[in-house]
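Okay, here's what each chain looks like letter by letter:
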Amino acid sequence: MHNDLTDIAGLSVGQAEDKAVRTGVTLVLFDAPAIAAVDVRGGGPGTRESDVLRPGGLVEGVDAIVLSGGSVYGLGAADAVCASLGAQGRGYALMPQPGVPASPIVPAAILYDLANGGAKDWGDSPPYARLGRAALDNAALRAPVRLGRAGAGFGARAGALPGGTGSASARSRDGHTVAALVCVNSFGSVRVPGTQQYWAAPFERDGEFGGLGCASGPVADLEDWGEAKFNPGLRTNTTLAIIATDAALTPDQARRMAIMAQDGMARAIRPVHTPFDGDVVFVASTGRIALSGPEPLCIAGLGSLAADCLARAIARAVHHACMTGV
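Only a predicted model underlies this, so the values are computations on that prediction, with no experimental measurement involved.

*Asks:* Looking at this structure, I do not really get the overall build of the protein chain. What am I missing?
*Replies:* Helix and strand content of the protein chain: four helices and eleven strands. In summary, the protein chain has a C-alpha radius of gyration of 18 Å against a globular reference of 20 Å for 326 residues, a match within 12%. Judged by the C-alpha coordinates and their principal axes, the protein chain covers about 65 × 55 × 35 Å. For the protein chain, the residues scored as buried account for 57% of the 326 residues in total. Residue pairs in contact within the protein chain that sit at least 24 positions apart in sequence constitute 80% of those at least 6 positions apart. For the protein chain, the accessible surface area stands at approximately 13,100 Å², while carbon and sulfur atoms represent 54% of it. Separation of charge centres in the protein chain, based on 26 positive and 30 negative side chains, amounts to 3 Å.

*Asks:* Sorry if this is basic, but what is going on with the side chain of Asp7 here?
*Replies:* Along the chain, Asp7 falls in the segment before strand S1 (11-18). Despite being buried, Asp7 has no salt bridge partner; Arg171 is the closest side chain of opposite charge, sitting 7.3 Å away. At 2.7 Å, the side chain of Asp7 and the side chain of Ser169 are in polar contact. Other than its neighbours up to four places away in sequence, Asp7 contacts Met1, His2, Ser169 and Thr177.

*Asks:* What am I meant to see in the packing of helix H1 (residues 75-87) against helix H2 (residues 128-139) here?
*Replies:* For any two helices packed against each other, the geometry comes down to the angle between their axes and how far apart the axes lie. Remark: H1 packs on H2, axes separated minimally by 7 Å, with the N-to-C direction vectors making an angle of 50 degrees. On the basis of their axis angle, the class for H1 and H2 is oblique. Where H1 crosses over H2, the handedness of that crossing is right-handed. The residues of H2 that touch H1, namely those facing Gly76, Ala77, Ala80, Val81, Ser84 and Leu85, are Tyr128, Ala129, Gly132, Arg133 and Leu136.

*Asks:* Help me understand unusual backbone geometry, please; the structure alone is not making it clear to me.
*Replies:* Where the residue is not glycine, phi is negative for most of them; where a peptide bond is considered, it is trans in most cases. The omega torsion across Arg270 and Pro271 is -10 degrees, close enough to zero to call that bond cis. Relative to the helices and strands, Pro271 resides in the loop between helix H3 (251-268) and strand S11 (280-289). Although it is not a glycine, Asp206 sits at a positive phi angle of roughly 55 degrees. Inspection of the secondary structure puts Asp206 in the loop between strand S9 (177-185) and strand S10 (238-247). For Asp206, a relative accessible area of 85% translates into the label exposed.

*Asks:* Can you help me understand the packing of H3 against helix H4 (residues 295-324) in this one?
*Replies:* In contact at an axis separation of 7 Å, H3 and H4 are set at 35 degrees when each is read in the N-to-C sense. Judged by the twist between their axes, the crossing of H3 over H4 is right-handed. On the side of H3, the interface is formed by Gln253, Arg256, Met257, Met260, Ala261, Asp263, Gly264, Met265, Arg267 and Ala268, while H4 contributes Glu295, Ile299, Ala300, Leu302, Gly303, Ser304, Ala306, Ala307, Asp308, Leu310, Ala311 and Ile314. Considered class by class, the residues forming the contact of H3 with H4 number 13 nonpolar, four polar and five charged.

*Asks:* Help me understand H2, please; the structure alone is not making it clear to me.
*Replies:* Residues separated by three or four positions in an α-helix point in the same direction, a consequence of the helix having 3.6 residues per turn. Spanning twelve residues, H2 covers 16 Å between terminal C-alpha atoms, matching the ideal 16 Å at 1.5 Å per step. Along H2, the residues that are buried comprise Tyr128, Leu131, Gly132, Ala135, Leu136 and Ala139. Projected onto a plane normal to the axis of H2, the buried residues spread over an arc of 140 degrees and lie on a single side. On the buried face of H2, the contacting elements are S1, strand S2 (23-40), strand S4 (61-68) and H1.

Cut-offs applied
- Residues numbered from 1 in each chain as written.
- Predicted model: local features only at pLDDT ≥ 70, side-chain atom pairs only at ≥ 80, totals over all residues.
- Heavy atoms only, no water.
- Helix = DSSP H or I, 4+ residues; strand = E, 2+ residues; numbered from the N terminus.
- Rg over C-alpha atoms; globule rule 2.2 N^0.38 Å.
- Buried < 20%, exposed > 50% of the residue type's maximum accessible area, 1.4 Å probe, protein only.
- Contact = heavy atoms within 4.5 Å.
- Areas by Shrake-Rupley, 256 points an atom, 1.4 Å probe, with all protein chains shown as cover.
- Lys, Arg positive; Asp, Glu negative; His and termini not counted.
- Charge placed at Lys NZ, Arg CZ, Asp CG, Glu CD.
- Salt bridge = Lys/Arg side-chain N within 4 Å of Asp/Glu carboxyl O.
- Polar contact = N/O pair within 3.5 Å; in protein donor to acceptor, adjacent residues only side chain to side chain.
- Axes fitted to C-alpha atoms, helices over the stretch in contact; angles between N-to-C directions.
- Parallel < 35°, antiparallel > 145°, perpendicular 65-115°, else oblique.
- Left-handed = near helix turned anticlockwise from the far one by under 90°.
- Nonpolar A, V, L, I, M, F, W, Y, C, P; charged D, E, K, R; others polar.
- Expected span 1.5 Å × (residues − 1).
- Arc of directions from axis to C-beta.

In structure tokens, the structure reads:
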């Protein structure tokens, strides 16, 4: 176990960065189309193909999910991934016909890192198509997730602290694995005001984000947001997450997990889901292990684990980003 998203059988993760531009792309590639759902919170989301995952849609499986920096320019990463997967013959086709390409299903979400000081003078050639293809190539390595300043979290900020990429996993009593991957670019702070302790500290396992423990005593001022961003703007703050599990889920069950998983953000970031944020949680099931016992109870347990994993992943993202510097 790597304590990251790659602990889920049936997927791989690819990450790519441009250090000069101070941005990056993260991709989750599924060995076979995965049942997926999405839950969007906050006031300023930026997504691609999220409507495909709405209830009652024709297509239930996704080939990949892409997270990217670059705000609207970053959506070009998913376009490139879609083109590459289509060239490989992957994608949805209602009635396959010779000479008619299939349509890869590649939902995506973007975060804003345009004002982080990187070289954004790209004119009409943003780097995101190149980064999307690089992330897809890197997924073939089947390497563990790189934490901190990596992938789509490379140029992110978590309140006043460096943001980044985090991941965490857990195994349920029924033998299912749940994992979260997150790119933290939040308006809110991940630490208790006036301390080094993380809001997610009660959920920490094995000192995975420093073993600093919980802050002692109550929060003195409930309106003190600590290390939140001083001057946020609309669409400039987003926490993007992908929850994956090997449990076999229906689209409705995946959607319920996505709703429950959002609580992980509330456990780890304060404030969260504000008008300044565009928070998005995807859930994907590789369907390797059937649910056992009453299904609603199974989903309740998996959703709770997903929220815990997401809270842990958020703290791990910032902890590793702070260790490596801004």
